[in-house]
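# Fold and geometry: a report
What follows is each chain in one-letter form.
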Amino acid sequence: MAVEARAPRLELKGISKRFPGVVANDHVSFAVPAGAIHALLGENGAGKSTLVKIIYGVQQADEGEIAFDGERVHIGSPREARALGIGMVFQHFSLFEAMTVLENIALGMDEPPPRRELEARVREVLDSYGLSLDPHRHVHTLSVGERQRIEIVRALLQQPKLLIMDEPTSVLTPQEVEQLFETLRRLASEGCSILYISHKLHEIKALCESATVLRGGKVVGTCDPREESARSMAELMIGGSLKDLSDKAGCVHGEDRFVVAALSAPGEPPFGTSLKKVSFSVRSGEIFGIAGVAGNGQNELLAVLSGEERKNVSGSIRLDGTELARLSVGGRRRAGLASSPEERNGHAAVPGMSLADNALLSARSRMGLASGGVIKAKKARDFAAKVIDAFSVKATGPGASAGSLSGGNLQKFVMGREIMQNPAVLVVSQPTWGVDAGAASFIRQAMIDLAAEGAAVLVVSQDLDELLELCDRLAVINEGRLSEPMDVKGISIERVGLLMGGIHGSGRGAEPEDGTAPAGRARHPEPAL
Amino acid sequence: MSLDLLVAILMTIAGAATPLLIAGLGELVVEKSGVLNLGVEGMMLIGAVTGFAVATSTGLPVLGALAAMGAAALAAAIFAVLVLTLMANQVATGLALTIFGTGVSALIGAPFVGITTPTLGPIFPDFLTSSPLLRLVFGHSPLVYLGLLLTLAVWWFLNRARAGLILRAVGESDSAAHAIGYPVLKVRYLAVLFGGAMAGLAGSYYSLVLTPMWAERLTAGRGWIAIALVVFASWRPGRMLAGAYLFGLVMTMELQAKAAGFNMVAPEVLAALPYIATIAVLAIISAARRGGTAAPACLGKPFRAAA
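Quantities reported herein were computed from a predicted structural model and do not represent experimental measurements.

Scoring rules and cut-offs
- Residues numbered from 1 in each chain as written.
- Chains lettered and ligands numbered in written order.
- Predicted model: local features only at pLDDT ≥ 70, side-chain atom pairs only at ≥ 80, totals over all residues.
- Heavy atoms only, no water.
- Helix = DSSP H or I, 4+ residues; strand = E, 2+ residues; numbered from the N terminus.
- Rg over C-alpha atoms; globule rule 2.2 N^0.38 Å.
- Buried < 20%, exposed > 50% of the residue type's maximum accessible area, 1.4 Å probe, protein only.
- Contact = heavy atoms within 4.5 Å.
- Lys, Arg positive; Asp, Glu negative; His and termini not counted.
- Charge placed at Lys NZ, Arg CZ, Asp CG, Glu CD.
- Expected span 1.5 Å × (residues − 1).
- Phe/Tyr/Trp six-rings, centres within 6.5 Å; stacked < 30°, edge-to-face > 60°.
- Lys NZ or Arg CZ within 6 Å of the ring centre and 35° of its normal.
- Buried area = accessible area lost by both parts, 1.4 Å probe.
- Salt bridge = Lys/Arg side-chain N within 4 Å of Asp/Glu carboxyl O.
- Polar contact = N/O pair within 3.5 Å; in protein donor to acceptor, adjacent residues only side chain to side chain.
- Nonpolar A, V, L, I, M, F, W, Y, C, P; charged D, E, K, R; others polar.
- Core = buried A, V, L, I, M, F, W, Y, C linked by side-chain atoms within 4.5 Å.
- Pairing = 2+ DSSP bridges.
- Axes fitted to C-alpha atoms, helices over the stretch in contact; angles between N-to-C directions.
- Parallel < 35°, antiparallel > 145°, perpendicular 65-115°, else oblique.
- Arc of directions from axis to C-beta.
- Domains from an automatic or database assignment.

Here we take up the overall build of chain B. In terms of regular secondary structure, chain B is built from 13 helices and zero strands. Reading the helices (α) and strands (β) of chain B from amino to carboxyl end gives α-α-α-α-α-α-α-α-α-α-α-α-α. In terms of overall size, chain B behaves like a compact globule, its C-alpha atoms giving a radius of gyration of 20 Å where 307 residues would be expected to give roughly 19 Å. The principal-axis extent of the C-alpha atoms belonging to chain B is close to 65 × 45 × 35 Å. Counting across all 307 residues of chain B, residues that qualify as buried make up 50%. Considering only intrachain contacts with a sequence separation of at least 6, the fraction spanning at least 24 residues in chain B is 77%. Here chain B carries 16 positive and 10 negative side-chain charges, and the mean point of each set is 14 Å from the other.

Turning next to helix α13 (residues 407-419) of chain A. Residue and element names in this part refer to chain A. The terminal C-alpha atoms of α13 lie 18 Å apart, and with 13 residues this matches the ideal 18 Å at 1.5 Å per residue to within 8%. In terms of residue burial, α13 counts as a mostly covered element, since twelve of its 13 residues are buried. If you follow the buried residues of α13, they end up packed against α10 (329-335), β16 (337-340), α11 (355-363), α12 (377-390), β19 (425-429) and α14 (437-452).

With the rule as written, the count across this model stands at eight aromatic pairs over all chains. Here Phe52 of chain B and Phe112 of chain B contribute two aromatic rings whose centre-to-centre distance is 6.0 Å and whose plane-to-plane angle is 85°, an arrangement assigned as edge-to-face. Highlighted residues: Phe52 of chain B in helix α2 (residues 40-58) and Phe112 of chain B in the loop between α4 (90-109) and α5 (132-138), separated in sequence by 60 residues. Look at Phe112 of chain B and you get buried, because its relative accessible area is 17%. Residues Phe124 of chain B and Phe138 of chain B carry aromatic rings whose centres are separated by 5.2 Å and whose planes lie at 75° to one another, so their mutual orientation is edge-to-face. With Phe124 of chain B in the loop between α4 and α5 and Phe138 of chain B in helix α5, this pair connects stretches of sequence that are 14 residues apart. Phe124 of chain B gets classed as partly exposed once you look at its relative accessible area, which sits at 30%. Cation over ring: Arg186 of chain A sits above Tyr129 of chain A, and NZ or CZ is 4.3 Å from the ring centre. Cation over ring: Lys412 of chain A sits above Phe442 of chain A, and NZ or CZ is 5.2 Å from the ring centre.

Opposite the 24 residues of chain A that make contact, chain B presents 19 residues. When chain A packs against chain B, close to 1,700 Å² is buried across both sides, 62% of that on carbon and sulfur atoms. The interface formed by chain A and chain B contains one salt bridge. Here Arg168 of chain B makes a salt bridge to Glu103 of chain A, at a shortest N to O gap of 2.8 Å. Applying the counting rule to chain A against chain B returns five residue pairs in polar contact (both at pLDDT 80 or more). Those elements that place two or more of their residues in the side of chain A that touches chain B are α2 (78-84) and α3 (101-107) of chain A. Of the residues assigned to the side of chain A that touches chain B, the class counts are 15 nonpolar, three polar and six charged.

Moving on, we come to the nonpolar core. If you look at the biggest cluster of nonpolar residues, it comprises 128 residues, and the most contacted ones within it are Ile105, Leu163, Met165, Leu184, Ile194 and Tyr196 of chain A. For this core, the element with the highest residue contribution is helix α9 (residues 184-210) of chain B, accounting for twelve residues. Not counting chain neighbours up to four residues away, the residues in contact with Ile105 of chain A comprise Leu118, Val122, Ile150, Val153, Arg154 and Leu157 of chain A. Ala359, Phe383, Leu405 and Ile419 of chain A belong to the second largest nonpolar core, which has 54 residues in total.

Residue and element names in this part refer to chain A. As paired elements, strand β1 (residues 10-19) and strand β4 (residues 63-68) share five bridges and run antiparallel to each other. In the strand pairing of β4, Leu10 is matched with Phe68. Here β4 pairs with strand β5 (residues 71-73) via three bridges, running antiparallel. If you follow Ile66 over to β5, its bridge partner there is Val73. Turn length for the β4-β5 hairpin, with the two strands adjacent in sequence and antiparallel, is two residues, and the turn residue Asp69 shows positive phi of about 50°.

Residue and element names in this part refer to chain B. Interaxial distance between helix α7 (residues 162-172) and α9 falls to 10 Å at its minimum, and their mutual angle equals 110°. Classified by the interaxial angle, the pair formed by α7 and α9 is roughly perpendicular. Residue-level inspection shows Ile166, Leu167, Val170 and Gly171 of α7 in contact with α9, the latter providing Val184, Val187, Arg188 and Ala191. Here the contact of α7 with α9 is built from residues that sort into six nonpolar, one polar and one charged.

Structurally, Glu172 of chain B can be placed in helix α7. For Glu172 of chain B, which is buried and forms no salt bridge, the nearest opposite charge comes from Lys32 of chain B, at a distance of 5.2 Å. Not counting residues within four places of it along the chain, the set of residues in contact with Glu172 of chain B comprises Phe96, Ala98 and Met99 of chain A together with Ala295, Pro296, Ala297 and Cys298 of chain B.

Residues and elements named next belong to chain A. Pairing within the open sheet is antiparallel, and its four strands lie in the order β2-β1-β4-β5. With one partner strand each, in any of the chains shown, β2 (22-32) and β5 form the two edges of the open sheet. Direction aside, the axes of adjacent strands within the sheet are offset by 30° on average. Relative to β2, β1 runs antiparallel, the two being bridged by seven bridges. Residue pairing in the sheet places Glu11 in a bridge with Ala31 of β2. Lying over the sheet, helix α1 (residues 48-55) contacts β1, β2 and β4, oriented at roughly 120° with respect to β1.

Residue and element names in this part refer to chain B. For helix α11 (residues 237-251), built from 15 residues, the straight-helix expectation of 21 Å at 1.5 Å per residue is met to within 8% by its first-to-last C-alpha distance of 20 Å. Listed as buried for α11 are Pro237, Met240, Gly243, Ala244, Phe247, Gly248, Val250 and Met251. Projected down its long axis, α11 shows its buried positions confined to an angular sector of 160°, all on one face.

Residues and elements named next belong to chain A. Here four strands make up an open sheet; going across it, the order is β12-β11-β14-β15 and the pairing antiparallel. Each edge of the open sheet is held by one strand with a lone partner, namely β12 (275-283) and β15 (322-323). Where strand β11 (residues 256-265) meets strand β14 (residues 314-319), five bridges bridge the pair, whose relative direction is antiparallel. Following the sheet pairing, Phe258 is matched in β14 by Leu319. Set on the sheet, helix α9 (residues 298-306) makes contact with β11, β12 and β14; between it and β11 the angle comes to about 120°.

Right, let's talk about the environment of Lys53 of chain A for a bit. Residues and elements named next belong to chain A. Tracing the backbone shows Lys53 in helix α1. A relative accessible area of 28% places Lys53 in the partly exposed class. Not counting the four nearest positions on each side in its chain, Lys53 is found in contact with Val58 and Gln59.

Residues and elements named next belong to chain A. In terms of domain boundaries, chain A breaks down into domain 1 (10-238) and domain 2 (256-506 + 514-520). Here the C-alpha centroids of domain 1 and domain 2 sit 33 Å apart. The interface of domain 1 with domain 2 comprises twelve residues on the first partner and 17 residues on the second. Buried surface at the junction of domain 1 and domain 2, summed over both partners, amounts to about 1,100 Å²; 61% is from carbon and sulfur atoms. Viewed at the interface, domain 2 and domain 1 are joined by zero salt bridges. In this assembly, domain 1 and domain 2 are joined by two residue pairs in polar contact (both at pLDDT 80 or more).

Here it is as structure tokens:
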């Protein structure tokens, strides 16, 4: 397509936005030509989200101007943005769970046609892009991939000239990602520009033809992702060199330390997933990963392993041969099982309490921070200070409230608190979710070190790249069922993706039909292909 | 039982159910938008006294009903400013509104105690109400018919109209609605005002239809039953209609037992039935749902536009 002579589809000139205490965007300028797929790169807090909110009219810039197709525009609201032809797919979907797909789509349009006509148009778009979705299903019954399709269809119905995608793949299976990329490439070939925000660098390499890198609210570089390596882009993002994780090859795996057999538990109604005969074992010195799309039983598994949920649980959880299944959370901690749930603010840590008090909450018995019902405040402070020091947590001290820490620093503290208790088994969920690259690599290294000392480490994560980098073996959880474990060396990504999407490979033999799979049946996410 | 008696019983049930239905539909719309207004009782009292005052002063009960809606909507506006703009706690503010309404209505109503007012009686000509069956159809206050029409209108609004879809969206996820570009606070203001007007109208039913006189605390806790009915109806207008008439039946048990000469149970127990039924219904519903409810996801949460 001949687009050279035309003005860029979107051009930002000197956009600045300040919030009390921070400059979110500092004179940001870049341009996206028509039909281009342009990446916006940066760590958490680099100002990407603020910038796209300004482009989509959710927020207003303090300074600078925006030109669209060569004309200077003022975008005062999302409605004005849509009128210009700007569509957006949000990171956290702006969907209404209790409503149907069609109602959700109608809400996203300014002047939706009557219901029947809208339905016909939706089906047309679905057909023409080869997407499958039932317009009459309620959103809460859909898989994450399907939910994202709603957002995409909603944007496509407006025939956008610029589509903004904010971290669209963080919750998709590899096959779903591939399908999304095909849709995006096709859109771009039809002349729609795409502004793609992600921190998954290999995806950006595969999809985008140009990129703008933000750091601390400023543009620090532009590049052609196809010619960069993931590592060079990461270093551009963090503005320093990336440390390598130490080699795990020297690790010697010992005996089975943590053995879980036939663990079943009902899910919390109305939307919980029940666990169905989950079995696996983790050896001493080993990091074992559990991959899967969110909502397939990960939270339930964590709660059952940590001891938070003991009602109606059957099966066994053994640590060095000792049965833990009957023990309380505290009893399991004393036995040597440390755990850290997915949600750090409010679940792993109490935001309103100091770091010392938070340390006390989980390390009380193992570190002897209380005796006879009396708190040893000084000992708790010292322990918290040791964690802060050893894990280079940026905080004013043990007296700082947990809520005042940034996500990455709080996660470092939470992980440090567990690891420094020297557990025999560490169970963590999403250890680096929403954490910047530097802190993430620190946390991963700490887990590797813990395993090297002989502990068994279980990592539950939606980030497949993380698991592939970190783990020795991994298994996939889908609908509360765990697949056979696979060695990470020589693993087939395609097979992992199929397992994540709920298709069990033929090599697996018969499906584990226990005949009792009840409520969960109704919400099979549909196959990814 | 004679036909006359049966019709009389059915008509008292409709009479008892109508204010619950009207106030409940108003609160249903408010809650669908994500706001919990526990001040229904207070707004009903303000409506009841305003309606009575205007009707006695002008001799026009219709004007009284309109004034009742306006006055209660004004009280609702105070609530809206407090919880929506100033983001005060909705539960506490709602309770305060009820206390406020009780006090203000007693104050305004003091000079009106002991007088009677022209009522909003049956509107159809006499020949249409000559037989019991015709009376059952045509013999009601206009507010009874209005309640039925309102049920239909609210159902249509919530399920068929675009504005209703937006209102539900705001109640389901205020942040998502805001991100798409809907004016969350404006929608909630309008919903709260509508809820106030309906509570006022329901209140005026007590002073202009049921008992053509004013007394302190005339509504006797019916506002709370209307709020409970919203939960009972799982936020659906059709079930609200059924619930209101069911409670109308329970509430008139005392009268009916008397009329039928039934005296095995103390009348006080029968008079307490609606309140016991309210508690029982709420307990059964929350037990049956086990955590999951049909409640709008953002019910009772203040909304602050993301910085």
